[in-house]
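The primary structure of each chain is shown beneath.
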Amino acid sequence: MVQPTGETNDRRMLLRYPGRCRLCGAELTAGTDAIYERARRTVRCLECTPAVASPAKPPVVVELQAQRPPDRDVLRLRAPASSVIAEALRIQSSAATRTGAQRFFGRSPLSVESRPWYLGALGELEVGRLLDQLGPGWLALHAVPVGTGGSDVDHIVIGPGGVFTINTKFHEGGNVWVASRRLLVNGQRTDHLRNAEHEARRVAKLLTQAARRSVDVTPVIAIVAASRLTIRERPEHVIVLNAARLPQWLQSRASVLAASDVAELSRAAAAPETWGNPALPEPDLVAFAQLRTAVAAARNRRLGWALALMLSPFAMLATLALGMLTALR
């Protein structure tokens, strides 16, 4: 349930994804009852809003999810990784429940089928977090479904430096090697460059039609969590970079769009009809947060067992030495 506050543009709601209070800096988890400031696209906690009276009953998640935001806001408010989170949870729902022994020894709750979707979501969430650093004058849309085929664009960014599609690639611990026409991950050829170019052309075509002006779109591949990124030759049409550099790289681009151009293209990009009014899969962000907690707990347990096995020989030697010293006394 969304409730208006004293400010015309502010709404009290349960947050769909984590944030930080603009005033006190407190961390706000998904599902927190807070104030969304539409004019600033920021949030603040209830403690920083004394004028808002507490409702007799707290709003429930079901009521909030049942009320669709206005069409003009639905893409602006869409959480990063929405599509892949929804698909990861759908696939994970059919995974076999872990036995007590599997939990004890730290087996991951992820199924083989859901793991790629889960990792993809982690990458998009990280890039979404980084894009939040762009600040005023920039628009970042996340998980934008295009057409009716189920495809989506990870991130569309519009600002003074131009229009960009951001394709997120999560390669934890991987070795990424880039040449003018190839992108290899751990020595294996990928279609990342080709797919990024195709995506940018598609977005450029649809934005050009919606804005009724020529729109150039630059494809970017943001690499997340790789242990090494080697760019031997820069691709001609696609920018490949470490995701951590993304905000600075975008802000350092030469200005090619006036503020009025950014506003015009942002309105077009935020309109669902630009992309064919596609269905918007709504993820259960609370369930995904719980899954992340379970995955992390399993990983920590496995690391604990590995450490115990490494230390066990030393523990045996220490016990033996202590026994010998006791005997000598």
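See the structure printed just above.
About the cut-offs
- Residues take numbers from 1 onward in each chain, read along the sequence in its written order.
- For this predicted model, a pLDDT threshold of at least 70 governs which residues receive local features, and a threshold of 80 or more governs which side-chain atom pairs are given and counted, while totals over whole chains, interfaces and linings are taken from all residues.
- Remark: hydrogens and water are excluded; side-chain values derive from all non-hydrogen atoms of the structure.
- Only centres within 6.5 Å qualify two rings of Phe, Tyr or Trp (six-membered ring in Trp) as a pair; their planes then separate them into stacked at under 30 degrees, edge-to-face at over 60, and tilted for everything else.
- The rule is simple: take the accessible area with a 1.4 Å probe, protein chains only, and divide by the maximum for that residue type; under 20% is buried, over 50% is exposed, in between is partly exposed.
- Strands are runs of DSSP state E lasting at least 2 residues, helices are runs of H or I lasting at least 4, and numbering of each runs from the N terminus.
- For the purposes of this section, nonpolar cores are sets of buried Ala, Val, Leu, Ile, Met, Phe, Trp, Tyr and Cys residues that join through side-chain atoms within 4.5 Å.
- Should any heavy atoms of two residues lie within 4.5 Å, those residues are considered in contact.
- The pairing criterion for strands is at least two bridges between them, as found by DSSP.
- To obtain each axis, a line is fitted to C-alpha atoms, and for helices this fit is confined to the stretch in contact; angles are then taken between N-to-C directions over 0 to 180 degrees.

Observations concerning the packing of aromatic side chains
Here is step 1: Under the criterion given, the structure shown has three aromatic pairs.
Here is step 2: For the ring pair Phe104 and Phe105, a centre distance of 5.1 Å and an interplane angle of 85 degrees mean the geometry is edge-to-face.
Here is step 3: Look at Phe104 and you get partly exposed, because its relative accessible area is 43%.
Here is step 4: Between Tyr118 and Phe288, the aromatic rings sit 5.5 Å apart at their centres with planes inclined by 45 degrees, giving tilted as the arrangement. Taken as a pair, Tyr118 in helix 4 (residues 115–131) and Phe288 in helix 8 (residues 285–328) lie far apart in primary sequence, 170 residues in all. The same class applies to Tyr118 as to Phe288, namely buried.

Details of the nonpolar core
Here is step 1: Counting residues in hydrophobic clusters, the biggest one holds 33 residues, and the most contacted among them are Val157, Leu246 and Leu250.
Here is step 2: The set of elements that each furnish at least two residues to this core consists of helix 2 (82–92), helix 4, strand 9 (162–170), strand 13 (217–224), helix 6 (246–251) and helix 8.
Here is step 3: The greatest single-element share of this core, amounting to seven residues, is contributed by helix 4.
Here is step 4: Not counting residues up to four positions away in its chain, the partners in contact with Leu246 are Val127, Leu131, Ile166, Val220, Ala222 and Leu241.
Here is step 5: If you look at the next biggest cluster of nonpolar residues, it comprises 25 residues, including Ile158, Val163, Leu207 and Leu280.

Structural notes on the sheet that holds strand 10 (residues 175–178)
Here is step 1: Read from one edge to the other, the open sheet built from four strands follows the order 12-11-10-14, with strand pairing classed as mixed. Edge strands, defined here as strands with exactly one partner in the open sheet, are strand 12 (188–189) and strand 14 (228–231).
Here is step 2: Here strand 10 runs beside strand 14; their pairing, made up of four bridges, is parallel. Across the sheet, residue Asn175 finds its bridge partner in strand 14, namely Arg228.

A look at the sheet that holds strand 9
Here is step 1: A sheet is described by the order of its strands in space; here five strands give the open sequence 7-8-9-13-15, paired in mixed fashion. A single partner strand is all that each edge strand has here, and the edge strands are strand 7 (139–145) and strand 15 (239–242). On average, each strand axis in the sheet is tilted by 30 degrees relative to the strand beside it, whichever way the strands run.
Here is step 2: The pairing of strand 13 with strand 15 spans four bridges and is parallel. Following the sheet pairing, Val220 is matched in strand 15 by Ile239.
Here is step 3: The sheet strands contacting helix 7 (residues 259–270) are strand 7, strand 8 (152–159) and strand 9, and the helix crosses strand 8 at an angle near 160 degrees.

Topic: the side chain of His171
Here is step 1: Within the secondary structure, His171 is located in the loop between strand 9 and strand 10.
Here is step 2: Residue classification places His171 among the buried residues on the basis of a relative accessible area of 17%.
Here is step 3: Among all residues touching His171, those that are not within four sequence positions of it are Val176, Val185, His192, Val224, Ala225 and Ala226.

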